[in-house]
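What follows is the residue order along each chain.
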Amino acid sequence: MYPLVKTSNTIASIARLQAAEDEAFRRAVEGTEEPVYHKGKVCGSVRRYSDGLLTLLLKAGDPDKYADRSKVTHQGAVLHLTVENMR
């Protein structure tokens, strides 16, 4: 692939990712308006927020603070078991 084409594809990929991140932020923080219906007619609206998207944004923004973790510690010898050793 030609360097200029590769560069333009990279720029386009970055732009798409940024647009997706911007939309995720908008839905998580600003929310989206959804209509409320009564007897088949719109009578108002409610703003909905995405807790799942907010969680993903926090984990991506500061993984040391918000990442899922599990800590496994082990003391003692490590045994390497094989089928032959178990007979």
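Everything here concerns the structure above.
Residues numbered from 1 in each chain as written. Predicted model: local features only at pLDDT ≥ 70, side-chain atom pairs only at ≥ 80, totals over all residues. Heavy atoms only, no water.

Sorry, what's going on with the overall build of the protein chain here?
Helix and strand content of the protein chain: four helices and two strands. Counting helices and strands in the order they occur from the N terminus, the protein chain gives α-β-β-α-α-α. For 87 residues, the compact-globule estimate of 2.2 N^0.38 gives 12 Å, and the protein chain exceeds it by more than 25% at 25 Å. With respect to the three principal axes, the spread of C-alpha positions in the protein chain is 75 × 50 × 30 Å. (Helix = DSSP H or I, 4+ residues; strand = E, 2+ residues; numbered from the N terminus. Rg over C-alpha atoms; globule rule 2.2 N^0.38 Å.)

Even after reading the chapter, I still don't get the pairing of strand 1 (residues 32-38), so can you show me in this structure?
Successive residues of a regular strand alternate their side chains across the two faces of the sheet. As defined by bridge partners, strand 1 adjoins strand 2 (residues 41-48) across seven bridges and the pair is classed as antiparallel. The residue bridging E33 from the neighbouring strand is R47, located in strand 2. Connecting strand 1 to the next strand, strand 2, in antiparallel fashion are two residues, including K39 with a positive phi near 55°. (Pairing = 2+ DSSP bridges.)

Just checking my understanding: could you explain a nonpolar patch on the surface for this structure?
A grouping of F25, V29, L54, L58 and Y66 is seen on the molecular surface, where their side chains present a nonpolar patch of about 400 Å² in accessible area. Elements represented by at least two residues in the nonpolar patch include exactly helix 1 (3-30) and helix 2 (51-61). Here V29 is to be found in helix 1. Since its relative accessible area comes to 40%, V29 is described here as partly exposed. (Patch = residues over 30% accessible without salt bridge, like charges linked within 9 Å, V, L, I, M, F, W, Y side chains within 5 Å. Areas by Shrake-Rupley, 256 points an atom, 1.4 Å probe, with all protein chains shown as cover. Salt bridge = Lys/Arg side-chain N within 4 Å of Asp/Glu carboxyl O. Buried < 20%, exposed > 50% of the residue type's maximum accessible area, 1.4 Å probe, protein only.)

What's the story with unusual backbone geometry in this structure? I'm lost.
As a rule of thumb, non-glycine residues mostly have phi less than zero, and peptide bonds are mostly trans rather than cis. The phi dihedral of K39 is positive, around 55°, even though this residue is not glycine. Structurally, K39 can be placed in the loop between strand 1 and strand 2. For K39, a relative accessible area of 75% corresponds to the exposed category.

Looking at this structure, I do not really get the pattern of salt bridges. What am I missing?
Pairs can form between side chains of opposite charge once their charged atoms are near each other. Counted by the stated rule, this structure contains five salt bridges. The partner of R26 in a salt bridge is E23, with the nearest N and O atoms 2.6 Å apart. Taken together, the positions of R26 and E23, both in helix 1 and three residues apart, correspond to about one turn of that helix. Residue E23 is classed as partly exposed on the basis of its relative accessible area, which comes to 27%. Here R27 ties to E23 by a salt bridge, and the two come within 2.8 Å at their closest N and O atoms. Of this pair, R27 and E23 both sit in helix 1, four residues apart, roughly one helical turn. On the basis of relative accessible area, R27 is assigned to the partly exposed category, the value being 42%. Beyond isolated ion pairs, a larger network of salt bridges with shared partners links E23, R26 and R27.

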